[in-house]
Amino acid sequence: MRIDVAFAPGVTPAAPVTVVVDVIRATTTIAHAVGQGYSRVLACGGIDQARELRSRLGDGAILAGEVACVKPDGFELGN
């Protein structure tokens, strides 16, 4: 069996079947954050929701994420 991996959008390996699993990356990022000492990680459904949540949580909140492999404006960390 041969497995080709595309690490970024726009990179398409030639394959008869394609499977996209983003949850593994998100889970790895969350596990790493907790391992680095963050007391909790709150997942959001989108950029606007994350920004709104940070405004409610206050200055202690850090925004981390990406859209199309790019850290959004105003976010402290990418994935």
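Structural data are supplied above this passage.
Given the structure is predicted, the values throughout are model-derived calculations rather than measurements.

Asks: Where do I start with the overall build of the protein in this structure?
Replies: A tally of helices and strands in the protein yields 2 helices and 0 strands. The 79 residues of the protein split such that 10% are buried. Counted over contacts in the protein with a minimum sequence separation of 6, partners at least 24 positions apart contribute 24%.

Asks: I keep staring at a nonpolar patch on the surface and nothing clicks. Help me out?
Replies: Residues Ile30, Val34, Tyr38, Val41, Ile62 and Leu77 make up a contiguous nonpolar surface patch of about 470 Å² in total accessible area. The residue Tyr38 is located in the loop between helix 1 (23-35) and helix 2 (47-57) in this model.

Asks: Just checking my understanding: could you explain unusual backbone geometry for this structure?
Replies: The backbone phi angle of Ala68 is positive, close to 55 degrees, even though this residue is not glycine. Tracing the chain through its elements places Ala68 in the segment after helix 2. Positive phi, normally seen in glycine, also occurs at Cys69, with a value near 70 degrees. Tracing the backbone through its elements, the reader meets Cys69 in the segment after helix 2. Look at Cys69 and you get partly exposed, because its relative accessible area is 37%.

Asks: Explain the pattern of salt bridges here, please?
Replies: When the charged atoms of two side chains lie near each other, side chains of opposite charge can form a pair. Here the structure, examined in full by the defined rule, presents 3 salt bridges. The shortest N-O distance in the salt bridge between Glu66 and Arg25 comes to 2.9 Å. With Glu66 in the segment after helix 2 and Arg25 in helix 1, this pair connects stretches of sequence that are 41 residues apart. A salt bridge links Arg54 to Glu76; its shortest N-O distance comes to 2.5 Å. In this pair, Arg54 is assigned in helix 2 and Glu76 in the segment after helix 2, connecting sequence segments 22 residues apart.

Asks: Explain helix 1 here, please?
Replies: An α-helical turn contains 3.6 residues, so a residue and the one three or four places further along point in the same direction. Across its 13 residues, helix 1 extends 18 Å between first and last C-alpha, which sits within 8% of the 18 Å expected from 1.5 Å per residue. Looking one or two residues beyond helix 1, the residue adopting positive phi is Gly37, at roughly 110 degrees.

How each quantity is defined
Residues numbered from 1 in each chain as written. Predicted model: local features only at pLDDT ≥ 70, side-chain atom pairs only at ≥ 80, totals over all residues. Heavy atoms only, no water. Helix = DSSP H or I, 4+ residues; strand = E, 2+ residues; numbered from the N terminus. Buried < 20%, exposed > 50% of the residue type's maximum accessible area, 1.4 Å probe, protein only. Contact = heavy atoms within 4.5 Å. Patch = residues over 30% accessible without salt bridge, like charges linked within 9 Å, V, L, I, M, F, W, Y side chains within 5 Å. Areas by Shrake-Rupley, 256 points an atom, 1.4 Å probe, with all protein chains shown as cover. Salt bridge = Lys/Arg side-chain N within 4 Å of Asp/Glu carboxyl O. Expected span 1.5 Å × (residues − 1).

Fair warning: the whole summary comes from geometry, so function is off the table for now.
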